[in-house]
Each structure stands twice: as structure tokens, then as C-alpha cells.
Amino acid sequence: MNSGTTINDEKRYFGFWAYLMSDCLLFGALFAAYAVLRGNVAGGPAGSEIFSLPFVFGETLILLTSSFTAGLASLAAYRGSKRGVLGWLTATFALGAAFLAMEMTEFTRLVRSGNGPQRSGFLTSYFTLVGTHGLHIAAGLLWMAVLIVQIAASRSLTPKMARRVSLLGLFWHFLDIVWIFIFTIVYLMGVM
Amino acid sequence: MFGNLTAAAFEHNWIVNAAVASMGLALVGVAALLTYLRRWRWLWREWLTTLDHKRIGVMYLVVAAVMLFKGGVDALMMRGQQAVAAGAAQGYLSANHYDQIFTAHGVTMIFFVAMPLVFGLFNLIIPLQIGSRDVAFPFLNAVSFWLFAAGAALFNASLAVGHFAATGWLAYPPLSELAYSPGVGVDYWIWCLQIAGIGSLLSGINFLATIITMRAPGMKLMKMPMFIWNALGTIVLVVFAFPVLTATLGMLFLDRFFSMHFFTAAAGGNAMMYVNLIWSWGHPEVYILVLPAFGIFSEVVSVFSEKKIFGYASMVAATAAITLLSFMVWLHHFFTMGAGADVNAFFGIATMVIAIPTGVKIFNWLFTMYKGRVHFTTPMYWFFGFVATFTLGGMAGVLMAVPAADFELHNSLFLVAHFHTMIVGGVLFGLFAGFTYWFPKFTGFKLDERLGKWAFWCWIVGFFLAFVPLYILGFMGATRRLDHYAASTGWQPLFIVAGIGAVIIAIGVLFQLAQIVVSILWRERYRDTTNGDPWNGRTLEWSVGTPVPVYNFAVIPNAAERDPLWEAKRRGCWPPKENPAYEDITLPRNSAVPVIIAALGFLFGFGIVWHIVWLALASAAGIVAALITRSCDNDTEYVISAAEVERMESQRMESRLQKP
């Protein structure tokens, strides 16, 4: 039952997948709430009036690219390359932070124009769904930052660190998939 | 500085003051006893910081017992109020206080009694029954327990500081929205459930990984004991249902804290969505509670009939069917909401379909006893009581699954009687059977049989006296949650009978307490002299000695067939003749981090309930810091060498031989 043995890895990967599936259900509930409330604009704006598709498309491209760099970080972890992992994780972090900054910009713009989450049922569910995804991204960035420091401080890439990089990659790809659904259901279907 | 917290939060009526005083006295008493016996260090080292699943299991049971007392007192207070508050008599509880009590009773019994009893037994039994040295994630396991304990503490704090929700145990909006429940009651409700619920979710993930990846060699899925199958169904439900609860509670919190509009009556909220969401967690929750009881009875009936379980494959199929179907029936909790005839018909039929796999189980248990050598022990008494009670309650359920009938019975006392029949007669009787059955495994002595049977008879007689009147009152038109009714209804005699039933149940609880105390005091008389196999058991937990060593199994067993211990005994190769080859065993070190995280979680909940923003933010930051510190800790395990294992095992053998 040492940290490096196969059985240990199996249970950790399985457990993390189980967590991701439960998180998927959490987003499922938020998507359901959005589907129910999206028409309840209560005299406020509908999605087509406030969403800027080019801006969100930019956000999407940045997040997709960060998923790609997260994948490269995992590959570097399998090779045992400390430098590769650090480089690609840093790139992923930068892209993730840029995505989060853009989301914050959009939220601020909406709140400033009087279309905050308190405005209507539609905006409540919109802010909560997209904001929960943003909160996950922020948690992922925190995890990434801690991992970068831990790896940078260690002499070489230990199996434990490599596994964490790989699990973080799973988390990041999962958030990417959730975002694809947000992009489609909230933004594309909201504008069209 | 203190948000909404003012001196007014500490002003209560005399009943609450008495409760708070007794709670405070109990805490001071325990603290004084620990100081007198110089046991603080022992408590911290051996229990509070432990990552041993067996000890965590025991701590779950202790918290559940304390909360059962609280929930039971709530029940007696309600029965007392309804027995007297007819016509001119108003009873001794104000309407608002009564509302808080029925809310607290439901919350206590489901979240803080039934759930910890289930998770306590899972902790104690699952690793032993699958032949594993630990759960998949021991640290996470301790975090789960302590988050649950923090939720329970926050719930109890509402008694002393402020007040609890008066909304009913599921806090439907718009009543639970800020406009209609402006106090802190609903906030306490949200956060005690949120914190405990996250603990449950993490437990679910942990045990799912444990059962899937850590079974002994040879134990294929279809070789697993029935208890493990039922636990697996339970755990799958936890992992898929609890996130929905987390999300729903989160939405209600956003409505209340940030004036959002998920469920408000105005600005485009939709209260009916809440009812759908909460029950799409709530119905699976019913099966989260009852599946473990099914698992326990499968073990108990098989062992005490000295026969393998009848129809193993059909049992597995029935468990899987119940797991799946339990996600497809949530709407039967609100047929009257007006979803339309087609939708109601679908959910009504889906509900009735669940009776089929449940019936399969009942018949399988009965056929297991058929031509078996049945031992009439206390766990079997609970089983017989369960079969009668649960079948009756099940038939009441099928009746209410007819939407047309439900329009008459919805929110009546008939419903209250129905779900108590299921949860007391199903869940609680099952957990009592399991407690009695597995008690000697962890203590080395059995519970007194005579007192146990007296407790059983009080429970079963008291139960029917308390709840048959409620079925009748439901038909007479009595709705649930009444603190007062007109004398002309003619309900009072039945309410008095129900009150007498509750008192008889309370006497049963006293017998159970006496049973535990007597068995501990005169434990030599009840000593298990078989080295851990007092019931002639069939599964792996009975193959290790008592008390179970910290590493569970000195050598990981092989479990290539069902009932592996029974088969080994039958073939004459148990107990093993020669000494096995021992190996080094790696175990997790104790950690204070779970306790710290839970303490901060409690402060976080308290801060957010009272809008003390700095406290909430500081606690959240503290939790993150604790997790980061833990992630940097590379010294989390220790090794017991093979030689040390051999020494410990031979010592255990010697001490066993010296016993009378």
C-alpha cells in the first residue's frame, strides 16, 4: 500500500472520476434550473440582448487552448520531465487566468448596466451557472499554483506529483466540457 | 463586528432554556469527567485525530445516539402537544415553537440519526467484509465524519443562539424565502445540511472507490456479500443524489443572502422548481436509508438460519432495480402540484413498480429461513418485526402511489404514518438488528438477549399504538403539522392513544440503554469465547479476532466464493493450521487536519448564518490553508514490519488461550 504502487493509483483515479461524475450532477441541477428560468426575464433583458457572441467565442478559444496545454503538461508528467510540466502548467495557468479575467469583465459589465443576478429569474440562473463554472476554474487555478510551487521546490518530479498533474488535467478537461455545454446552451441558444 | 448577532438571539422561552441548560451541563460534565480521569490526551490521540475506519465508525454511532435522544424528545413533545391541544386547550407549545420542533424532528432523524448510523456501520463493516485493511481514502474519511459532526454542532447551536427553521424539514419556498422567514432559522437549516451533506457526499465517493477497487483477491462482484451489494447501491445513490441537494441548498442560500430569484414568488422565480429539485435528491435519500437495512437483514437472516441467502442473483438484480428506479419516482411526493394526468400516471406506475423488487427481497428472506435452522435471537426478532411492519407500510405506499387516492391523502397524517412505518419499521429496525449482530465483533461480548427482546416488544407494540391511530386520523381528514385542532373533530382520543404509543417506544429505548449498560458492566458473563465468531458467521469480518487489530487482516484473505468463512469451515480448513507468511503493513498516521477543517467549517457556517462576513471569509481561507498544508505533508503513513505483525498476532493468540 505504498504511495507509488498500482493499486493505489487505481483507487485514486477511480475516486477522482467518481468525484467528477458527482460534480457533473451538480452542474446538471444548475443547467436544469437555467432551462426552467431562462424565459423568466421579468421585464428585464433576454439573453439575446446582453450576450456578446464574439467576446464569449474568444473566452471559449482561450479555455480550449488551456485544455490543450494541460494535456501537454500531463504528457510531460508521464515522461517524468519536470521542466516540461512546469512550463506547460504555467501556460495553462496564464490561459485560465485570462479566461477568468474575461468572465469577470463580462459579469462587471452586466452588473454595471443594472442587469445583475438580482434582476430576474433568468439572470439569477445565468450568473449562478456560469459563476459556478468560474468558481471551479478559480479553484483549479489555486490547485495549479500550489502544484507549480511544490514541483518547483522539489528536486525531481516524484510519482505523487506526476499523479497530481494528471488528476488536475482530468479536472481541467472536465471543466472544459462543462464550458462547451454552457457555450452551446446559454450563449449560442440564447442568441439564436 | 457580529453581523446580525445581538443579545436578543440568546432570549428563549423556558423549554428551550431548559434544553440549552441540560446541553451545557452535559458538555461540562463530559469535560469534567475527562479532566478528572486525565483522558484529554487519550481522547485526542486515540479518537479525535484517528484515521482508523473502525474508530470513525464508533464515533458516528456515538453522535447518532446523542441525536436520537434529541429527536426522540422532539417526538414526545409533539405527541404531548397533539394529545392535549383540542378545542379551548391550547397545549403547552406556541405555534411557532411547535413548527420548529417538527422541523427539527425530521432534520434530526433523517440527517443526524439515520445517516450517521448508516455511515457508522459502513465504516465498521465494509472494509472487514471485503477483506481490506482500510477504506480507499482514510484521510477523506475522517474529513467526512468531522464535517458531519460540524453540521450536527451547528444544528444544535441553533437551539442556544437564535432559533431553527419553522418550515418543515424540506423548507419549501416561498415560505423558506427571506420575505416569509426573515430570521436565521432557515439559514441554520441550509448550512447544517450543507456542511453535513458535503461530508456524506465525500463518504459516498470514498466507499464507492473502496468497494470497487479494494476487495480481497477472488471476490468478484457476484461473490460479494449481500450487505456489500446493498451498500454499493446506497453509495451510488449518495454520489448521484447529494450533489443535487448541494446545488438546491446553494440556490436557496443565494436567494436569501444575495436577493436572487430562483424560487421567489416575484421577479421570475419558480417555487415549484425547488420542490422538483429537492425531491430528486429526497426520494433517492429514502433508499439511501433503507438499502443498508436490506443488506443487514440479508446477513442476519442467512446467519441465523444457517443457510446461504436464497436467490442471490435475484437479490442482486432487485437491489440494482431499486437503485435505478429510485431516481424515477420523485414526483409522487407532489402529485397535487398539477403536473397533469399523464405525468402523474407515469410516476404513479413507476412507484408501484418498485414494490416488485422489494417483494422479491421479502420472499427471498422468507425462503432463506425455509428449512433452515432458525435461531430466535434479538436480530431475528427485529427482522420479524420488520417484515410485518414494512409490508404493511409498503402497501400503504402502493395505495398512495395512485394519484387519485393521493389527492385525498396528500399531507395528511396517513402519509406521516406511512413514512414512519417505512423508516422506523424498515430503516431503524434494520439498524438495530445490525447493531446487535455486529456489536460483539468490536467489543468482544454480546448484548443481553433478554433486555433486547423486551426492548423489541416495547418498540413493536408502541409503534403500532403510535401510528395506527395516525392512519385512521388521516382518513378522518387530519393534516400533518397541526399544533391545535377543534374538539368537534373527535380526533382527541386517537391522538391520546398515539401519545401512549410514543411513551411505550420511549420505554423500549430505556430498555436498549439498560441493555447496553448491563452488557458492559457484566461483560464477562456475555464474553464471546470463540475469538470473534460468536454467531457461527459466514463472511470475512468474522474471520478476524476480537478486538479487530488496527490492520484488520494480518494476511489478506482469499475470497473466491460466497460466504468464504462458512465454506472454509465446512471444508475443515478453518481455523488455519500453520502460521501464515506475514508481510509489512502500511497504515495512515493520525492527523489533526480533519478536526481543524471541521472546526473552521462550523465557524464558516456560523458566520454566514449571522452575516458575520469576516468570520466566514477567514474560516474559508483557513480551510484552504489546512488543505494546502496537508498536500505538502509527505509523511502521512507508517509501516508495521512483518516481524512486528507476527509478534502482535502471537500475542493475540496467547491472550485468547489464557481466557477462561
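Residues numbered from 1 in each chain as written. Chains lettered and ligands numbered in written order. Predicted model: local features only at pLDDT ≥ 70, side-chain atom pairs only at ≥ 80, totals over all residues. Heavy atoms only, no water.

Chemist: So what's going on with the overall build of chain B? Residues and values would help.
Modeler: Helix and strand content of chain B: 19 helices and two strands. Its C-alpha atoms give chain B a radius of gyration of 25 Å, near enough to 26 Å, the size a compact globule of 660 residues would have. Each principal axis of the C-alpha atoms in chain B carries an extent, and together these give about 75 × 60 × 45 Å. Looking at chain B as a whole, 57% of its 660 residues are labelled buried. A separation threshold of at least 6 residues defines the contact pool for chain B, and within that pool the share at least 24 residues apart is 83%. Total accessible area on chain B is roughly 26,200 Å²; 70% of this is exposed by carbon and sulfur atoms. Across chain B, 39 positive and 35 negative side-chain charges occur, with their mean positions spaced 8 Å apart. (Helix = DSSP H or I, 4+ residues; strand = E, 2+ residues; numbered from the N terminus. Rg over C-alpha atoms; globule rule 2.2 N^0.38 Å. Buried < 20%, exposed > 50% of the residue type's maximum accessible area, 1.4 Å probe, protein only. Contact = heavy atoms within 4.5 Å. Areas by Shrake-Rupley, 256 points an atom, 1.4 Å probe, with all protein chains shown as cover. Lys, Arg positive; Asp, Glu negative; His and termini not counted. Charge placed at Lys NZ, Arg CZ, Asp CG, Glu CD.)

Chemist: Tell me about the side chain of S66 of chain A, residues and numbers included.
Modeler: All names here are of chain A. Here S66 is to be found in helix α3 (residues 53-79). The class of S66 is buried, set by a relative accessible area of 0%. Polar contacts involving the side chain of S66 include one to the main-chain carbonyl oxygen of L63, which spans 2.7 Å. Excluding residues within four positions of it along the chain, S66 makes contact with T92, L95, G96 and W172. (Polar contact = N/O pair within 3.5 Å; in protein donor to acceptor, adjacent residues only side chain to side chain.)

Chemist: I'd like a description of the confidence of the model for chain A, backed by residues and values.
Modeler: Per-residue pLDDT for chain A averages 92, and the proportion of residues at 70 or more is 96%. pLDDT under 50 marks residues 1-7 of chain A. Its contacts with residues more than four places away, or in other chains, come to 11 contacts. (pLDDT = per-residue confidence, 0-100.)

Chemist: Tell me what's going on with the pairing of strand β1 (residues 585-588) of chain B, and back it up with residues and numbers.
Modeler: Residues and elements named next belong to chain B. Across the two faces of β1 the burial is the same, with I585 and L587 and T586 and P588 all buried. Pairing of β1 with strand β2 (residues 637-640) involves four bridges; the strand directions are antiparallel. Bridge pairing links I585 to I640 in β2. (Pairing = 2+ DSSP bridges.)

Chemist: Tell me about the interface of chain A and chain B, residues and numbers included.
Modeler: In this complex, chain A contributes 35 residues to the contact, which on the side of chain B involves 36 residues. Across the interface of chain A and chain B, roughly 2,900 Å² is buried in total on both sides, 71% from carbon and sulfur atoms. Counting across the interface, chain A meets chain B through zero salt bridges. The interface formed by chain A and chain B contains 10 residue pairs in polar contact (both at pLDDT 80 or more). Those elements that provide at least two residues to the side of chain A that touches chain B are α1 (6-37), α5 (121-153) and α6 (159-191) of chain A. (Buried area = accessible area lost by both parts, 1.4 Å probe. Salt bridge = Lys/Arg side-chain N within 4 Å of Asp/Glu carboxyl O.)

Chemist: Could you give me a rundown of the packing of aromatic side chains, with the residues and numbers involved?
Modeler: Centre-to-centre distance and the angle between the planes together describe a pair of aromatic rings. All names here are of chain B. For the coordinates displayed, the defined rule picks out 83 aromatic pairs over all chains. When the ring of F304 is compared with that of W535, the centres are 5.2 Å apart and the planes differ by 75°; the resulting orientation is edge-to-face. Here the residue F304 occupies a position in helix α8 (residues 271-305), and W535 occupies one in the loop between α15 (492-521) and α16 (564-570), the gap between them amounting to 231 residues. We classify F304 as buried; its relative accessible area is 3%. Sitting above the plane of the W42 ring, R39 keeps its charged end 4.6 Å from the centroid. Across the ring face of W566, the terminal group of R538 is positioned such that the distance to the ring centre comes to 4.3 Å. (Phe/Tyr/Trp six-rings, centres within 6.5 Å; stacked < 30°, edge-to-face > 60°. Lys NZ or Arg CZ within 6 Å of the ring centre and 35° of its normal.)

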